[in-house]
Amino acid sequence: MKFDAAELTKIDSMSAADYVQHERELHHHSYIYHFISILVFGGFYIGAVEFIALLIESIFPRKPDA
């Protein structure tokens, strides 16, 4: 609660323009940041799907063709 109170006091002391500028600087990320994030999380997603497929294949092995 002390942190919240300190942040609210800081926000109250700012002008509207200063607050908007602060939020833009805080939340502005470049396109490269989003690209790298998508690559990393996409890699984790593909890895998880491959791992689940490996588990399913080990539980239910393929039957050889007759």
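**As for the overall build of the protein**
Thinking step 1. Regarding its fold elements, the protein presents three helices and zero strands.
Thinking step 2. Listing each helix as α and each strand as β along the protein from the N terminus yields α-α-α.
Thinking step 3. Relative to the globule expectation of 11 Å for 66 residues, the C-alpha radius of gyration of the protein, 25 Å, shows a markedly less compact shape.
Thinking step 4. Oriented by its inertia axes, the alpha-carbon framework of the protein measures out at about 80 × 30 × 10 Å.
Thinking step 5. Counting over 66 residues, the protein shows a buried share of 0%.
Thinking step 6. For the protein, the accessible surface area stands at approximately 6,600 Å², while carbon and sulfur atoms represent 69% of it.

**Some points on the confidence of the model for the protein**
Thinking step 1. Within the protein, residue pLDDT values average 89, and 98% of them lie at 70 or more.
Thinking step 2. When mean pLDDT is taken per element in the protein, helix α3 (residues 31–59) scores highest with 94 and helix α2 (residues 16–27) scores lowest with 86.

**Section: the environment of Ala48**
Thinking step 1. Mapping Ala48 onto the fold places it in helix α3.
Thinking step 2. Exposure remark for Ala48: the relative accessible area of 39% places this residue in the partly exposed category.
Thinking step 3. Expressed as a C-alpha distance, the spacing of Ala48 and Ile59, which sit 11 residues apart in the sequence, is 17 Å.

Analysis parameters
- Residues numbered from 1 in each chain as written.
- Predicted model: local features only at pLDDT ≥ 70, side-chain atom pairs only at ≥ 80, totals over all residues.
- Heavy atoms only, no water.
- Helix = DSSP H or I, 4+ residues; strand = E, 2+ residues; numbered from the N terminus.
- Rg over C-alpha atoms; globule rule 2.2 N^0.38 Å.
- Buried < 20%, exposed > 50% of the residue type's maximum accessible area, 1.4 Å probe, protein only.
- Areas by Shrake-Rupley, 256 points an atom, 1.4 Å probe, with all protein chains shown as cover.
- pLDDT = per-residue confidence, 0-100.

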